[in-house]
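Letter by letter, the chains look like this.
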Amino acid sequence: METTEAFIGLTCVDCGETFDAEAATHRCPDCDGILDPDYDYDRIDLTPETLDARPDGSMWRYAELLPFPAETAVSLGEGATPLVECPSLADAMGVGRVLLKDEGANPTGTFKDRGQSAAMTAAREHGASEVALNSAGNAGQAAAAYAARADLDAHVFLPSRAGFTQKAMTEVHGADLTVTDPIDGNSQIGDAGKAYAEAIEEHPEWYSTKTFVTPYRHEGKKTMALELLAQLGWEAPDGVVYPTGGGVGLVGMHKAAREARDLGWTDELVPMYAAQAAGCAPVVDAYESGADRHEPLDDDEVDTACNGIAIPDPGASHLILNAVRESGGGAVATTDREILDAAIDVARREGLEVGATCAAAVSGAFALAESGEFGPDDTVVLLNTGAGNKDVDALRAHLGEREAEAGE
């Protein structure tokens, strides 16, 4: 494998053992824990000024803090997404500044591209020819795109409740798509996970790019925090509100914020806030109860239209909870109506298109401000993890319901 100078291997977050990245490809060989890319930070001779002088290009401008050099990356130009000032939202929220980090500008329209760029690079470096994963939707589409870029065959398992766009584009990119169906009703992410697990057992040669099975997806997504800090002049905001399902991006961003602080690029950590839908909020429930891990929900307990964060059993909840607590952040849940109202309000107040699922960050930020968590001098960043056109049917249907109610 061709790796960056500072990358020293993969360390298990559970047992603490470090493994050579050529030998350990996915979970910990000793305890089956999550592996995390590890670095010798003394080898990183880099300053914010050097980074700021580089052209935006893609997330690979931060390659010194990634496992692979930019020249080996499977890239579609992901990253370098805008941070947009939202003065109308700031006034409505009663805070000093609101900025929206718009990940909808990525090649397939979501932040999932960052994780799949890193994961597909690892797959190619390991000599894989076929990759596989299950997904709620967007990661499957991104995996299909990046597998095509890397000339790999992709096997994608999606629940029937995944959006039409995600299903269609997964096939357009040439992936082998399996849509799982239960006996009645819409299948959930858990059904797709079972189908994926059965297929992997039959095809052990397939290389997984599944959340927290590959060590590299959260590593790609950590570049969101590096970009955000650079866009804010390396000053940590008072809060980043993040729509949270599996929490891969939140965990990655917190890692990058720690790295930036420890390298002396920033003075403080970035307070991270996990925002969930009230109809599927295992992380919020665990946070509020003081637990270290979540209690899994059954699929039939999930009651939300926000497909992207309808994750009843997030496998890395302990990492999410540690991130929000260590950073001085928190967790908040809002109703589907509040989330969908927020998406429409952002479109009308600011002209920005926020995904229906992603608008949990917006409604969550309003709830946090109302509770006094954010004040009149605070800078609040909202993570829009996907483009509004990913959920156009849900947004238009909700708008129709609002208009019908207003006309009564």
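Residues numbered from 1 in each chain as written. Predicted model: local features only at pLDDT ≥ 70, side-chain atom pairs only at ≥ 80, totals over all residues. Heavy atoms only, no water.

Test applied: UniProt positions are given in the numbering used here, feature names are shortened, and annotations may be inferred rather than shown by experiment.
Looking at an unreviewed UniProt entry, one finds the chain named Threonine synthase and attributed to Halorubrum distributum JCM 9100. In its Cofactor (unreviewed entry) section, UniProt records this for the chain: "pyridoxal 5'-phosphate".

## Quick word on the side chain of Ser327
How we decide: Numbered from the N terminus, helices here are DSSP runs of H or I no shorter than four residues, and strands are runs of E no shorter than two. Here a polar contact is recorded for every N or O atom pair within 3.5 Å, except that within protein the pair must consist of a potential hydrogen donor and a potential acceptor, and residues adjacent in sequence are included only if both atoms are side-chain atoms. Whether two residues are in contact is decided by their heavy atoms, any of which lying within 4.5 Å being enough.
Here Ser327 lies in the loop between helix H11 (317-326) and strand E12 (330-334). Within the structure, the side chain of Ser327 is placed 3.0 Å from the backbone nitrogen of Met272, a separation counted as a polar contact. Those residues in contact with Ser327, other than ones at most four positions away along the chain, are His254, Leu269, Val270, Pro271 and Met272.

## Quick word on the sheet that holds strand E2 (residues 18-19)
Heads up, the rule is: Note on pairing: DSSP must find at least two bridges between two strands before they are called paired.
Reading across from one edge, E2-E1-E3 is the order of the three strands in this open sheet, with antiparallel pairing throughout. Looking at the sheet topology across the chains shown, the edges are occupied by E2 and strand E3 (35-39). Direction of pairing for strand E1 (residues 7-12) relative to E3: antiparallel, over a ladder of five bridges. By the bridge assignment for E3, Thr11 is matched with Asp36.

## Here we look at the nonpolar core
Our working rule: We call a set of buried Ala, Val, Leu, Ile, Met, Phe, Trp, Tyr and Cys residues a nonpolar core when their side-chain atoms join them within 4.5 Å. Type-normalised accessible area, obtained with a 1.4 Å probe on protein chains alone, sets the label of each residue: buried when under 20%, exposed when over 50%, and partly exposed for intermediate values.
The biggest cluster of nonpolar side chains holds 85 residues, and the ones touching the most others in it are Tyr216 and Met253. Grouped together as the second largest cluster of nonpolar side chains are 34 residues, Leu89, Ala356, Cys358 and Val380 included.

## A short note on the packing of aromatic side chains
Test applied: Paired rings are identified among Phe, Tyr and Trp, the last through its six-membered ring, by centres lying within 6.5 Å, and are further divided according to the angle between planes into stacked (under 30 degrees), edge-to-face (over 60) and tilted (the rest).
Counted by the stated rule, this structure contains seven aromatic pairs. Arranged with centres 6.2 Å apart and planes meeting at 80°, the rings of Phe111 and Tyr242 form a pair that is edge-to-face. Residue Phe111 is located in the loop between strand E5 (97-102) and helix H3 (112-125), and its partner Tyr242 is located in strand E10 (residues 239-243); the two are separated by 131 residues in the primary sequence. The same class applies to Phe111 as to Tyr242, namely buried. With 6.4 Å between their ring centres and 75° between their planes, Phe157 and Tyr196 make a pair best called edge-to-face. A residue pair is termed long-range when its members are at least 10 positions apart, and Phe157 in strand E7 (residues 153-159) and Tyr196 in helix H6 (residues 189-202) qualify at 39 residues. Given a relative accessible area of 6%, Phe157 falls into the buried group. Three or more aromatic residues link up through ring pairs in this structure, and these residues are Phe7, Tyr39 and Tyr41.

## Considerations on helix H10 (residues 282-289)
Among the residues of H10, those classed as buried are Pro282, Val283, Val284 and Ala286. The elements touched by buried residues of H10 are strand E11 (272-277), H11 and E12. Of the residues one or two after H10, Gly290 is the one with positive phi, at around 80°.

## A look at the packing of H3 against helix H4 (residues 138-150)
For clarity, the threshold we go by: Where helices are involved, their axes are fitted lines through C-alpha atoms of the stretch in contact, as for all axes, and angles between N-to-C directions lie from 0 to 180°. These descriptions rest on fixed angle ranges, namely under 35 degrees for roughly parallel, over 145 for roughly antiparallel, 65 to 115 for roughly perpendicular, and the rest for oblique. The crossing is said to be left-handed when, going from far helix to near helix, the turn is anticlockwise and less than a right angle, and right-handed when the turn is clockwise. Residues are sorted three ways: Asp, Glu, Lys and Arg are charged, Ala, Val, Leu, Ile, Met, Phe, Trp, Tyr, Cys and Pro are nonpolar, and all the rest, Gly among them, are polar.
It is at 9 Å that the axes of H3 and H4 come closest, and there the two elements cross at 40°. With respect to each other, H3 and H4 are oriented oblique. Between H3 and H4 lies a crossing of right-handed hand. Residues Lys112, Asp113, Gln116, Ser117, Met120 and Arg124 of H3 touch H4, and the partners they reach there are Asn138, Ala139, Ala142, Ala143, Tyr146, Ala147 and Ala150. Across the contact of H3 with H4, the residue classes break down as seven nonpolar, three polar and three charged.

## Here we look at unusual backbone geometry
Backbone geometry at Phe212 places phi at a positive 55°, although glycine is not the residue there. Position of Phe212 relative to the elements: it lies in the loop between strand E9 (207-208) and helix H7 (217-221). Look at Phe212 and you get buried, because its relative accessible area is 6%. Here Trp234, not a glycine, exhibits a phi torsion of approximately 60°, which is positive. Locating Trp234 in the fold gives a position in the loop between helix H8 (223-231) and E10.

## Overview of the sheet that holds strand E6 (residues 130-134)
Backbone-to-backbone hydrogen bonds pair the strands of a sheet. The strands run either parallel or antiparallel. Taken in spatial order, the four strands make up an open sheet running E8-E7-E6-E9, and their pairing is parallel. The two strands at the open ends of the sheet, each matched to only one other strand, are strand E8 (176-180) and E9. Against the sheet, helix H5 (residues 164-172) makes contact with E7 and E8, and its axis sits at roughly 165° relative to E7, the strand it touches most.

## Considering the domain arrangement of the chain
Note the cut-off: Domain borders in the structure are assigned automatically or taken from a domain database.
Domain boundaries assigned for the chain yield domain 1 (7-58), domain 2 (83-109 + 215-407) and domain 3 (129-205). For domain 1 versus domain 3, the distance between C-alpha centres works out to 27 Å.

## Considerations on the pattern of salt bridges
This is how it is decided: A carboxyl oxygen of Asp or Glu within 4 Å of a side-chain nitrogen of Lys or Arg is what we treat as a salt bridge.
Throughout the structure, instances matching the rule amount to 17 salt bridges. A salt bridge links Lys222 to Glu219; the nearest nitrogen and oxygen atoms lie 2.7 Å apart. Summarising the burial analysis for this pair, Lys222 and Glu219 share the class buried. Ionic contacts of the salt-bridge type, sharing partners, join the residues Asp36, Glu219, Lys222, Lys255 and Glu259 into one network.

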